[in-house]
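Read off the chains here:
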Amino acid sequence: VQLVESGGGLVQPGGSLRLSCAASGFTFSNYGMNWYRQAPGKVRELVAVLTSAGGSTNYADSVKGRFTISRDNAKNTVYLQMNSLKPEDTAVYYCNLYIRGSEYWGQGTQVTVSS
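Residues numbered from 1 in each chain as written. Predicted model: local features only at pLDDT ≥ 70, side-chain atom pairs only at ≥ 80, totals over all residues. Heavy atoms only, no water.

Asks: What should I look at first to understand the overall build of the protein in this one?
Replies: A count of helices and strands for the protein gives zero helices and eleven strands. Its helices and strands taken in sequence order, the protein reads β-β-β-β-β-β-β-β-β-β-β from the N to the C terminus. The C-alpha radius of gyration computed for the protein amounts to 13 Å, which stays within 12% of the reference 13 Å derived for 115 residues, consistent with globular compactness. The dimensions of the protein, computed from C-alpha atoms along their principal axes, are 40 × 25 × 25 Å. The 115 residues of the protein split such that 41% are buried. Taking as baseline every contact in the protein between residues at least 6 positions apart, the subset at least 24 positions apart corresponds to 52%. On the protein, the mean spot of the 10 positive side-chain charges and the mean spot of the 7 negative ones are 3 Å from each other. (Helix = DSSP H or I, 4+ residues; strand = E, 2+ residues; numbered from the N terminus. Rg over C-alpha atoms; globule rule 2.2 N^0.38 Å. Buried < 20%, exposed > 50% of the residue type's maximum accessible area, 1.4 Å probe, protein only. Contact = heavy atoms within 4.5 Å. Lys, Arg positive; Asp, Glu negative; His and termini not counted. Charge placed at Lys NZ, Arg CZ, Asp CG, Glu CD.)

Have a look at this one:
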């Protein structure tokens, strides 16, 4: 299993970014996918969840209405569209999934929201 995140960077408050997570090594369409983030000095937190079929999502209260998780099963990729970004969104963002009790993580991508 390999998960590779991309799309992070420096953005001003109020701006947008779209993160991507390219997956390989498993049947992508069969599994739900998650995005987490970890800010300096804080615990890693769950940001967004998406079912395998893409029909059900769930978000942390702090990002509801601003972030959207989606997937393209043809491209084996999950996305996180982040709008109206705030300085408190600054963190390393990770994609994640569980397969038969094992947990897998990407290497993360840094998002910095600052003027």
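Asks: Would you take a moment to explain the pattern of salt bridges for this structure?
Replies: Pairing between side chains of opposite charge can happen when the charged atoms of each approach one another. All chains considered together, the criterion is met by four salt bridges. Between Asp89 and Arg37 there is a salt bridge, with its nearest N and O atoms 2.9 Å apart. Of this pair, Asp89 sits in the loop between strand S8 (77-82) and strand S9 (91-99) while Arg37 sits in strand S4 (residues 33-38), and the two are 52 residues apart along the sequence. Between Asp89 and Arg66 there is a salt bridge whose closest N-O contact spans 2.7 Å. (Salt bridge = Lys/Arg side-chain N within 4 Å of Asp/Glu carboxyl O.)

Asks: Would you take a moment to explain the state of the cysteines for this structure?
Replies: Here is the idea: a disulfide is a covalent bond, and it sits between the sulfur atoms of two cysteines. Scanning all chains against the criterion turns up one disulfide. Disulfide pairing places Cys21 opposite Cys95 at an S-S distance of 2.0 Å. When the S-S torsion is 50 degrees, as for the bridge of Cys21 with Cys95, the disulfide is right-handed. Remark: Cys95 occurs in strand S9 and Cys21 occurs in strand S3 (residues 17-24); sequence separation between them is 74 residues. In this structure Cys95 comes out as buried when scored by relative accessible area, which is 0%. (Disulfide = S-S within 2.5 Å.)

Asks: Even after reading the chapter, I still don't get the sheet that holds S8, so can you show me in this structure?
Replies: Backbone-to-backbone hydrogen bonds join strands into a sheet, with any given pair of strands oriented parallel or antiparallel. If you walk across this open sheet you meet the four strands as S1-S3-S8-S7, and the pairing is antiparallel. Of all strands in the sheet, those with a lone pairing partner are strand S1 (2-6) and strand S7 (67-72), marking the two edges. Across the sheet, the mean angle from the axis of one strand to that of its neighbour is 15 degrees, orientation sign disregarded. Across five bridges, S1 lies against S3 in antiparallel orientation. In the sheet register, Val4 faces S3, and the bridge partner there is Ala22. (Pairing = 2+ DSSP bridges. Axes fitted to C-alpha atoms, helices over the stretch in contact; angles between N-to-C directions.)

Asks: How do you make sense of the side chain of Arg71 when you look at a structure like this?
Replies: Relative to the elements of secondary structure, Arg71 occurs in strand S7. Asp72 provides the closest opposite charge to the buried, unpaired Arg71, separated from it by 8.3 Å. Within the local environment of Arg71, its side chain forms a polar contact with the backbone oxygen of Ser52, the two atoms lying 3.4 Å apart. A distance of 2.7 Å separates polar atoms of two side chains, one belonging to Arg71 and the other to Asn73. (Polar contact = N/O pair within 3.5 Å; in protein donor to acceptor, adjacent residues only side chain to side chain.)

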